[in-house]
Amino acid sequence: MGRKYFGTDGIRGRVGEAPITPDFVLRLGFAAGEVLVRRGAAGEHRPAVLIGKDTRVSGYMLEAALEAGFSAGGVDVMLCGPMPTPAVAYLTRALRLQAGIVISASHNPYPDNGIKFFSADGGKLPDAIEQEIEDALERPLACRPSGELGRARRIDDAAGRYIEFCKSTFPSALDLRGMRIAVDCANGAAYHVAPHVFHELGADVTTTGTSPNGLNINERVGATHPKSLADLVRASHADLGVALDGDGDRVVMADANGAVYDGDQLLYAIVANRARGGSVPGVVGTLMSNLALERALATLGVEFVRAKVGDRYVLELLHERGWSIGGENSGHIICLDKHTTGDGIVSALQVLTAMREQRRGLDEVAGALALYPQKLINVRVAREFDWRSSPAIARACADAETRLGERGRLLLRPSGTEPVLRVMVEGEDAAEVHAIAAEVARSVEQAAGRVGVAGPNA
């Protein structure tokens, strides 16, 4: 049975529009509570869950609705307030709870929000449990007798616990003394933890994006707007910069000159450093990972495989292969030997580990990977448009692949959230890449009935 509400990254949408409404979230909390109670994961005791959120103003409303739903279902609730998504994953495991819930829409603007679940081990909630929750949502909302209602309390030391966890992923023999680091927290969930991590490891820290007001999350700051970080690095004469997204699971970095390095380059820096000290059996990327990363890892003797776009799929393939490192060019990097999920702060610390161990700058460890030029064009199409059956698109793709040869690649991928077909071309020659992308996009536009080009960020 297909899932109605859960996508690849939980449930997400615009606040006030289904399903991100207080009545639905109330029912969601009750349905999830029913499933936890029925599974009896806590034995004779009531199940307990942790709820965290980012800094969106809607988080207050959704947090209250979730808390009420879980309580009505007989589940105890622990609240940690604004906290990065990976912090909730860690704390769920550390506190031996039955589930963790994050109220966040990650890198999206503030009018959006979402609900993401973690299992007791700090990993993604299994598909089977998500389906059980969806099934429970079809039943009427109820309430347990007063004596069986769940209770709620706040975790006062959540931030301190997570800060210590992050620091524990950095080698104890190393420190950051003598380094000036600029940190951009995107006015998001990491605003009160990320600067402390780097400062307590010895760095002189300058910050931006640490004044959330409920409406400014990801607004011209953070990993999705790296110009803010580059400007801060140059203005503060920092050695490097770290930019997180709204919920703290993505990271991009900038060197002392303000040059920005994406997830592929940071992933390469981590893997190359680990390969110096031993074997790295393999790395998982996605369909969007730069071809230069794949070829550079091959020279290190590291196998590279591509998953579908989305950290959920990267994680699944890592578990399947028994590997520990993977990520996306967006900056969502997973190091399973350090954490159960992607963590922007932890990933930045792994890059800093490479820099400290090699006594080299970010421009050397991450800049060692020169990315191939890449062009992405989003073409608006009808949702039911079957692009695979179009002879014109097939001819355009065949011609493009012939011209690119071994020097590049072409990818057509429907968006999972918008009525667009993404046309991505990358290769060694920028002019050729742009020309081929435009030609393939034009063929898609014509085959789809000239619906139009949506632009690079749709």
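Structure shown above.
Residues numbered from 1 in each chain as written. Predicted model: local features only at pLDDT ≥ 70, side-chain atom pairs only at ≥ 80, totals over all residues. Heavy atoms only, no water.

**Student:** Would you take a moment to explain the pattern of salt bridges for this structure?
**Tutor:** Side-chain pairing between opposite charges can occur once the charged atoms of the two side chains come close. The tally for this structure, following the rule as stated, stands at 33 salt bridges. Note that Glu219 and Arg220 form a salt bridge whose closest N and O atoms lie 3.5 Å from each other. Since its relative accessible area comes to 61%, Arg220 is described here as exposed. A salt bridge links Arg409 to Glu426; its shortest N-O distance comes to 2.5 Å. On the criterion of sequence distance, the pair formed by Arg409 in strand E17 (residues 408–414) and Glu426 in strand E18 (residues 420–427) is long-range, its members being 17 residues apart. Taken as a pair, Arg409 and Glu426 share a single burial class, namely buried. One connected set of salt bridges, linked through shared partners, spans Asp9, Arg12, Lys116, Lys124, Asp249 and Asp311. (Salt bridge = Lys/Arg side-chain N within 4 Å of Asp/Glu carboxyl O. Buried < 20%, exposed > 50% of the residue type's maximum accessible area, 1.4 Å probe, protein only. Helix = DSSP H or I, 4+ residues; strand = E, 2+ residues; numbered from the N terminus.)

**Student:** In this structure, what is going on with the packing of aromatic side chains? I would like to understand it.
**Tutor:** How two aromatic rings sit relative to each other is set out by the distance from centre to centre and by the angle between their planes. Applying the stated criterion across every chain yields a total of 4 aromatic pairs. An angle of 50° between the planes, with centres 4.7 Å apart, marks the rings of Tyr5 and Phe24 as tilted. With Tyr5 in the segment before strand E1 (11–14) and Phe24 in helix H1 (residues 22–39), the pair connects residues that are 19 residues apart, well separated along the chain. Take Tyr5 and Phe24: they sit in the same class, and that class is buried. Ring centres of Tyr162 and Phe165 lie 6.4 Å apart, and the angle between their planes is 25°; on these two criteria the pair is classed as stacked. Here Phe165 and Tyr162 lie together in helix H5 (residues 158–168), a separation of 3 residues that amounts to about one turn. On the basis of relative accessibility, which here comes to 10%, the residue Phe165 falls in the buried class. (Phe/Tyr/Trp six-rings, centres within 6.5 Å; stacked < 30°, edge-to-face > 60°.)

**Student:** Just to check I follow, could you spell out the sheet that holds strand E5 (residues 112–119) for this structure?
**Tutor:** In a beta sheet, neighbouring strands pair by backbone hydrogen bonds and run either parallel or antiparallel. Overall, mixed pairing links the 6 strands, which are arranged E1-E5-E4-E2-E3-E6 in an open sheet. On the outer flanks of this sheet lie E1 and strand E6 (152–154), each paired with one strand and no other. Adjacent strand axes in the sheet meet at a mean angle of 20°, parallel and antiparallel pairs treated alike. As paired elements, strand E2 (residues 48–53) and strand E3 (residues 76–82) share 6 bridges and run parallel to each other. If you follow Gly52 over to E3, its bridge partner there is Gly81. Here H1 sits on the sheet in contact with E1, E2, strand E4 (99–103) and E5, set at roughly 5° to E5. (Pairing = 2+ DSSP bridges. Axes fitted to C-alpha atoms, helices over the stretch in contact; angles between N-to-C directions. Contact = heavy atoms within 4.5 Å.)

**Student:** I would appreciate a short explanation of the pairing of E17 in the present structure.
**Tutor:** For E17, a buried count of 6 out of 7 residues is recorded, marking the element as mostly surrounded by other parts of the structure. The sheet contact formed by E17 and E18 spans 7 bridges and is antiparallel. The residue bridging Leu411 from the neighbouring strand is Met424, located in E18.

**Student:** I tried to follow the side chain of Ser289 on my own but got confused; where do I start?
**Tutor:** The residue Ser289 is located in the loop between strand E12 (282–286) and helix H9 (291–299) in this model. Given a relative accessible area of 0%, Ser289 falls into the buried group. Ignoring sequence-local partners within four residues, the contact set of Ser289 consists of Asp264, Phe304, Arg306, Gly327, Arg409 and Glu426.

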